[in-house]
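# Topology and contacts: notes
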Amino acid sequence: MRPASKSDLFWSFSWLALQGFGGVVAVVQRELVEKKQWLTREEFVEEWAVAQILPGPNVVNLSLMIGDRYFGVQGALLALAGMLFFPLLIVMAMVIAFSGISDLPQVQAALRGMGAVAAGLITATGLKLITAVKLNPMGKKMCWLLAALTFVAIAVLRWPLIWVLLGIGGMACIIAYQAILRIQARSSGEGAP
Amino acid sequence: MTLTLSSLDWLHLLGHFLSLSLLAIGGAITTAPDMHRYLVEQQHWLTDSQFTSSIALSQAAPGPNLLFIALLGWNVGINASGGLAAGASAWPLGFMGAAIAMLGILLPSTTLTFVAARWAHNNRELLSVRAFKAGMSPIVIALLASTGWILSSKLGSAAESWRLWLLTAVVTLLVWRTRIHLLWLLAAGGLLGALGWV
């Protein structure tokens, strides 16, 4: 599946950005992978890995990459515009309209409630994507081990992201490299005696 | 708050965001501490509360979290044209500030992403590219789970704010196992909060 047209691309990204309160990644996964099926779960995780390692907001990077894939530079710009244009209008309108009331206790309490929901959305997105490692050349056990190490380093020890990506990520790339080599050697060796 | 900004100051503002753009690995929010150091402590272009409320407001709004950067620029522009007391006549500089901030934070990183992602896609059969994607997959999934965990822990300790933690846990299960629309969950969270139930 792919976007029907450039305007489909723009409006799809606008629509998903407008649903993204407290983080857009959960919505991107739901809309583009589950509903529109422009990407499989495996592709989504792979693209997300690239978007994550490059500087800049991850969802902005992801929108650029997907837009470029289908309609080149124009697609990249349209996806980016969709991601930013309407949310930007709304946040500007909010800052003008709510400059007096954002300190009200009820508003603060509502924001806390929405914050708790946003945390759940993102955790669930991570859980759903676990099935994407099924086809991973490193095998399930190694994937779980690497994921657990990363979770401890980031969520518990609060190490800076850059060191986790370079350290655990670098190690994971080497393990994956060797795993792919082994698989290739096995499949090319099958014909030999 | 009122201040005077020369064209050179606006260029410095642009330069600061341009220089942070390529450092924003893991999202623009990771550079917020440095923006605070520069805009509030060093240049005194923003007040502390303007800085904090820009971040809070952008998180309450839909869209990527980087919109807080537009609000920082907006507030610098408003301060430069007489503050909120100036009313709508302060808006042009506000919009200019927002545009400068967004341009600065986006231009370098989007250009790099565009070039690098295209290269990675064109060379997707290369062993090193395949190894990178396969190796990073479990890490990326764990990063999402960690983000959820860190967001929850900002809600307060599990003993004190157990209702918020329960809400997070229920939402996690619902999103993982059902196809319920995400907007309903957010509306419910806002309502429960406003009613004082969580």
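See the structure shown above.
### Considering the layout of surface pockets
Size it by volume and the largest pocket reaches roughly 1600 Å³. Forming the boundary of the largest pocket are 46 residues, of which Ile29(B), Gln59(B), Asn65(B), Thr147(B) and Leu151(B) lie nearest the centre. Looking at which element gives the most residues to the lining of the largest pocket, the answer is helix α5 (residues 105-129) of chain A, with seven residues. Residue composition of the lining of the largest pocket, by class: 29 nonpolar, 14 polar and three charged.

### With respect to the pattern of salt bridges
Per the counting criterion, the structure on display carries eight salt bridges over all chains. Put simply, Arg118(B) and Asp68(A) hold a salt bridge, and the shortest N to O gap is 2.7 Å. Placement of the pair is Arg118(B) in helix α5 (residues 91-122) and Asp68(A) in helix α4 (residues 58-97), with the two residues belonging to separate chains. As a salt-bridge pair, Arg37(B) and Asp34(B) come within 3.0 Å of each other at their nearest N and O atoms. Here Arg37(B) pairs with Asp34(B), and both are found in helix α2 (residues 32-42), just three residues apart, close to one helical turn. Through salt bridges with shared partners, one network takes in Arg30(A), Glu34(A), Arg41(A), Lys128(A) and Arg179(B).

### Things to note about the side chain of Thr168(B)
Relative to the helices and strands, Thr168(B) is located in helix α7 (residues 162-177). Classification of Thr168(B) as buried rests on a relative accessible area of 5%. Here the side chain of Thr168(B) touches Ala116(A) through a polar contact of 3.0 Å, landing on its backbone oxygen. Leaving out residues up to four positions away in the same chain, Thr168(B) has contacts with Ala116(A), Ala119(A), Gly120(A), Ser152(B) and Leu155(B).

### A short note on the nonpolar core
Phe13(A), Leu16(A), Val28(A), Phe44(A), Trp48(A), Ile66(A) and Leu121(A) are the most contacted members of the largest nonpolar core, which totals 70 residues. Other than its neighbours up to four places away in sequence, Trp48(A) contacts Val25(A), Asn58(A), Val59(A), Leu62(A), Val140(B) and Leu144(B). Counting residues in hydrophobic clusters, the runner-up holds 47 residues, among them Leu80(A), Val95(A), Leu3(B) and Ile55(B).

What counts, and at which threshold
- Residues numbered from 1 in each chain as written.
- Chains lettered and ligands numbered in written order.
- Predicted model: local features only at pLDDT ≥ 70, side-chain atom pairs only at ≥ 80, totals over all residues.
- Heavy atoms only, no water.
- 1 Å grid on protein atoms, 1.4 Å probe; cavity = no way out; pocket = protein on both sides within 12 Å on 5 of 7 lines; lining within 4 Å.
- Points joined across faces, edges and corners; volume = space filled by probe spheres on them.
- Helix = DSSP H or I, 4+ residues; strand = E, 2+ residues; numbered from the N terminus.
- Nonpolar A, V, L, I, M, F, W, Y, C, P; charged D, E, K, R; others polar.
- Salt bridge = Lys/Arg side-chain N within 4 Å of Asp/Glu carboxyl O.
- Buried < 20%, exposed > 50% of the residue type's maximum accessible area, 1.4 Å probe, protein only.
- Polar contact = N/O pair within 3.5 Å; in protein donor to acceptor, adjacent residues only side chain to side chain.
- Contact = heavy atoms within 4.5 Å.
- Core = buried A, V, L, I, M, F, W, Y, C linked by side-chain atoms within 4.5 Å.

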